[in-house]
Amino acid sequence: MVDIDEILSTILDLKKNESGKTKGVLINHLIKQVNHLHSDYSDNIQEYQERSDEAARKHSSLIDAIPDFIFRMDHKGIYIDHKSNDSYKGQFEKKFIGKSLDDLDISLKAKVRLAGAIKKAITKQQIQTVEFQLLDNNEEFYVECRVVAGRKEEVICMLRDITVKKKSEILLNETHNRLFLATNAAKIGIWEWNVIDDNWIWDNSLYELFQVQMGNDLEPLRILEKIIEKKGLSRFYMILEEAKIMGEDFHVQFRIARNNGEMRDISCNFQVYRNRRGVATKMIGVCWDVTNQNRILKLKEEKELALKESNFKDQFLANMSHEIRTPLNGIIGMLDVYTSSNEFNKEQGEQVEIIQGSANSLRQSMNYKRYVSNRQSSKITSNQSNA
């Protein structure tokens, strides 16, 4: 802990000493003291913030524990008297004041639960808690009732309005159900890793995605080590370690081997949650099967490569056709001139005819290959434009 007086003393010494060497030593000493002071101040601020948050949570809990309405009943559920918070009197007085258990505007199931809570509170001398909905045509109204044993087989019922809390829970459950339906339809598995406790949690869809039986004696991390390829497992661990140090959003892809020997490609996105000090405390991620998508991408790449090779071959044939046809036409032309201006004996005439026939046949073959190449090229271009 650095004292302010020490820093002031160092500043006074700095003003007294004029020599450069001594002055430099004092300045470095002053810088260290200021840094220590800043570190102590930051720690104190952090500790104060944590204490303030804890006090706020305790204060909120105490406020939530204060009942809005209190009334007494006997062991048979007969109303005795009440005491209420004025701000809530209008909401509770019509529903509870002067009414016994059988007369309350709550469902039959709620009446049975409340009667059971009254009996247990008296016999076991323990606080019983019951939540129920008041039957109101205008709005939804939820109440928490804490039943405490009183004197002479009486109970004290402390009511608290939990409508906001209950509606939030209902909305959260509806959102959870929608998320479950969406992830189940899309075959998306969700996982959570508590970094501090090193605890992994998988949902049902993730077990189904990996085709691993729930209730397996192996922990989730051990299951991953068993089914992920070694190269992909090393990359997965490396990205997890990087995520603990810095960053928020991460992506990794790996291959798994299912029980039937089938290899599947898995894509995984996850987010990192950190505390105020920037330390990673939790990671939540989603995994889904991208095997079919990868196969389609691979087929597209193979198709593009085949088209390039086909185009190269066609271009090569077109160039070769041009290079061969030009001298070939010259040969055929010279043969025509030579035969028209000279006379040959029978053997020489047959030889010239063979040369002319071969040359013409070669020219026809080159023309046909050029025609086929042009047709294929136009067909490929048409298919690409349609696609």
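Bear in mind the structure is a predicted one, so any value in this text is a computation, not a measurement.

Rules used throughout
Residues numbered from 1 in each chain as written. Predicted model: local features only at pLDDT ≥ 70, side-chain atom pairs only at ≥ 80, totals over all residues. Heavy atoms only, no water. Salt bridge = Lys/Arg side-chain N within 4 Å of Asp/Glu carboxyl O. Helix = DSSP H or I, 4+ residues; strand = E, 2+ residues; numbered from the N terminus. Buried < 20%, exposed > 50% of the residue type's maximum accessible area, 1.4 Å probe, protein only. Pairing = 2+ DSSP bridges. Axes fitted to C-alpha atoms, helices over the stretch in contact; angles between N-to-C directions. Parallel < 35°, antiparallel > 145°, perpendicular 65-115°, else oblique. Contact = heavy atoms within 4.5 Å. Nonpolar A, V, L, I, M, F, W, Y, C, P; charged D, E, K, R; others polar. Phe/Tyr/Trp six-rings, centres within 6.5 Å; stacked < 30°, edge-to-face > 60°. pLDDT = per-residue confidence, 0-100. Polar contact = N/O pair within 3.5 Å; in protein donor to acceptor, adjacent residues only side chain to side chain. Expected span 1.5 Å × (residues − 1). Patch = residues over 30% accessible without salt bridge, like charges linked within 9 Å, V, L, I, M, F, W, Y side chains within 5 Å. Areas by Shrake-Rupley, 256 points an atom, 1.4 Å probe, with all protein chains shown as cover. Core = buried A, V, L, I, M, F, W, Y, C linked by side-chain atoms within 4.5 Å.

K.L.:
Explain the pattern of salt bridges here, please?
P.N.:
Where charged atoms of side chains with opposite charge meet at close range, the side chains can pair. Under the counting rule described, the total for this entry stands at 15 salt bridges. The salt bridge involving Lys 166 is made with Glu 131; its shortest N-O contact spans 2.9 Å. Taken together, the residues span a long stretch of sequence, with Lys 166 in helix 5 (residues 163-185) and Glu 131 in strand 3 (residues 128-134) at a distance of 35 residues. Relative accessible area serves as the criterion here: at 22%, Lys 166 is assigned to the partly exposed category. Ionic pairing is found between Asp 289 and Arg 258, a salt bridge with its closest N-O pair at 3.8 Å. Of this pair, Asp 289 sits in strand 10 (residues 280-289) while Arg 258 sits in the loop between strand 8 (249-257) and strand 9 (263-274); the two residues are 31 residues apart in sequence, bridging distant segments of the chain.

K.L.:
Where do I start with the pairing of strand 7 (residues 199-202) in this structure?
P.N.:
For a regular strand, side-chain orientation follows a simple rule: the groups alternate between the two sheet faces. With burial as the criterion, only one face of strand 7 is covered, namely that bearing Trp 200 and Trp 202; the residues Asn 199 and Ile 201 on the opposite face remain uncovered. The pairing of strand 6 (residues 188-194) with strand 7 spans 4 bridges and is classified as antiparallel. Across the sheet, Glu 192 pairs through a bridge with Ile 201, a residue of strand 7. Adjacent in sequence and paired antiparallel, strand 6 and strand 7 are bridged by 4 residues, among which Asp 198 carries a positive phi angle near 55 degrees.

K.L.:
In this structure, what is going on with the packing of helix 7 (residues 220-227) against helix 8 (residues 230-245)? I would like to understand it.
P.N.:
In a packed pair of helices, the relevant descriptors are the angle between the two axes and the axis-to-axis distance. As a packed pair, helix 7 and helix 8 sit with axes 8 Å apart at the nearest point and diverge in direction by 140 degrees. In terms of their interaxial angle, helix 7 and helix 8 are classed as oblique. Between helix 7 and helix 8, the residues in contact are Leu 221, Arg 222, Leu 224 and Glu 225 and Leu 233, Phe 236 and Tyr 237, respectively. Split by residue class, the contact of helix 7 with helix 8 holds 5 nonpolar, no polar and 2 charged.

K.L.:
For this particular structure, what's the right way to read the packing of aromatic side chains?
P.N.:
In the structure shown here, the tally under the stated rule is 11 aromatic pairs. Ring geometry for Phe 236 against Phe 254: centres 5.7 Å apart, planes inclined by 65 degrees, an arrangement best described as edge-to-face. With Phe 236 in helix 8 and Phe 254 in strand 8, the pair connects residues that are 18 residues apart, well separated along the chain. Classification of Phe 254 as buried rests on a relative accessible area of 4%. Aromatic ring contacts, followed pair by pair, group Trp 191, Trp 193, Trp 200, Phe 250 and Phe 270 into a single cluster.

K.L.:
Even after reading the chapter, I still don't get the confidence of the model for the protein chain, so can you show me in this structure?
P.N.:
If pLDDT is low for a region, its predicted coordinates should not be looked at in detail. Confidence along the protein chain averages 78 in pLDDT terms, with 74% of residues attaining 70 or more. Looking at the elements of the protein chain, mean pLDDT is at its lowest for helix 1 (residues 4-16), recorded as 58, and at its highest for helix 4 (residues 108-124), recorded as 92.

K.L.:
Which parts of the structure should I look at to understand the side chain of Thr 163?
P.N.:
Tracing the chain through its elements places Thr 163 in helix 5. In this structure Thr 163 comes out as buried when scored by relative accessible area, which is 10%. Among the polar contacts made by the side chain of Thr 163, one reaches the main-chain amide nitrogen of Tyr 142 at a distance of 3.1 Å. There is a polar contact of 2.6 Å between the side chain of Thr 163 and the side chain of Asp 161. In this structure, Thr 163 is in contact with Glu 140, Phe 141 and Tyr 142, ignoring residues within four places of it in sequence.

K.L.:
Whenever I open this one, helix 8 confuses me. Can you help?
P.N.:
An α-helix turns once every 3.6 residues. As a result, residues three or four positions apart point the same way. For helix 8, with 16 residues, the first-to-last C-alpha span of 23 Å sits near the 22 Å given by 1.5 Å per residue. The secondary structure elements touched by the buried residues of helix 8 are strand 6, strand 7, helix 7, strand 8, strand 9 and strand 10. Gly 247 sits one or two residues past helix 8 and shows a positive phi near 95 degrees.

K.L.:
Sorry if this is basic, but what is going on with a nonpolar patch on the surface here?
P.N.:
Together, Phe 312, Phe 316, Met 320, Ile 324 and Leu 362 line one region of the surface with nonpolar side chains, adding up to about 470 Å² of accessible area. Within the secondary structure, Ile 324 sits in helix 9 (residues 291-341).

K.L.:
Explain unusual backbone geometry here, please?
P.N.:
Apart from glycine, the bulk of residues carry a negative phi angle, and the bulk of peptide bonds sit in the trans form. Phi at Gln 125 takes a positive value of approximately 55 degrees, unusual for a residue other than glycine. When its relative accessible area of 57% is taken as the criterion, Gln 125 is described as exposed. The backbone of Gln 211 sits at a positive phi, close to 55 degrees, despite the residue not being glycine. As for its position among the elements, Gln 211 is in the loop between helix 6 (204-210) and helix 7.

K.L.:
So what exactly am I meant to see when it comes to the nonpolar core here?
P.N.:
Soluble globular proteins tend to bury their nonpolar side chains together. Of all hydrophobic cores here, the largest spans 31 residues; its most connected members are Trp 191, Trp 200, Trp 202, Phe 210, Phe 254, Phe 270 and Met 283. Among the secondary structure elements, those contributing two or more residues to this core are strand 6, strand 7, helix 6, helix 7, helix 8, strand 8, strand 9 and strand 10. Here the element with the most residues in this core is helix 8; it accounts for 5 residues. Excluding residues within four positions of it along the chain, Trp 191 makes contact with Trp 200, Ile 201, Trp 202, Leu 206, Cys 268, Phe 270, Met 283, Ile 284, Gly 285, Val 286 and Cys 287.

K.L.:
Help me out: how do you make sense of the sheet that holds strand 6 in this one?
P.N.:
With antiparallel pairing, 5 strands are arranged side by side in an open sheet as 7-6-10-9-8. Of all the strands in the sheet, just strand 7 and strand 8 have a single pairing partner and so form its edges. For this sheet, the mean angle separating the axes of adjacent strands, direction not counted, is 20 degrees. Two strands pair when backbone bridges link them, and strand 8 and strand 9 are joined in this way by 9 bridges, in the antiparallel orientation. By the bridge assignment for strand 9, Ala 257 is matched with Met 263.

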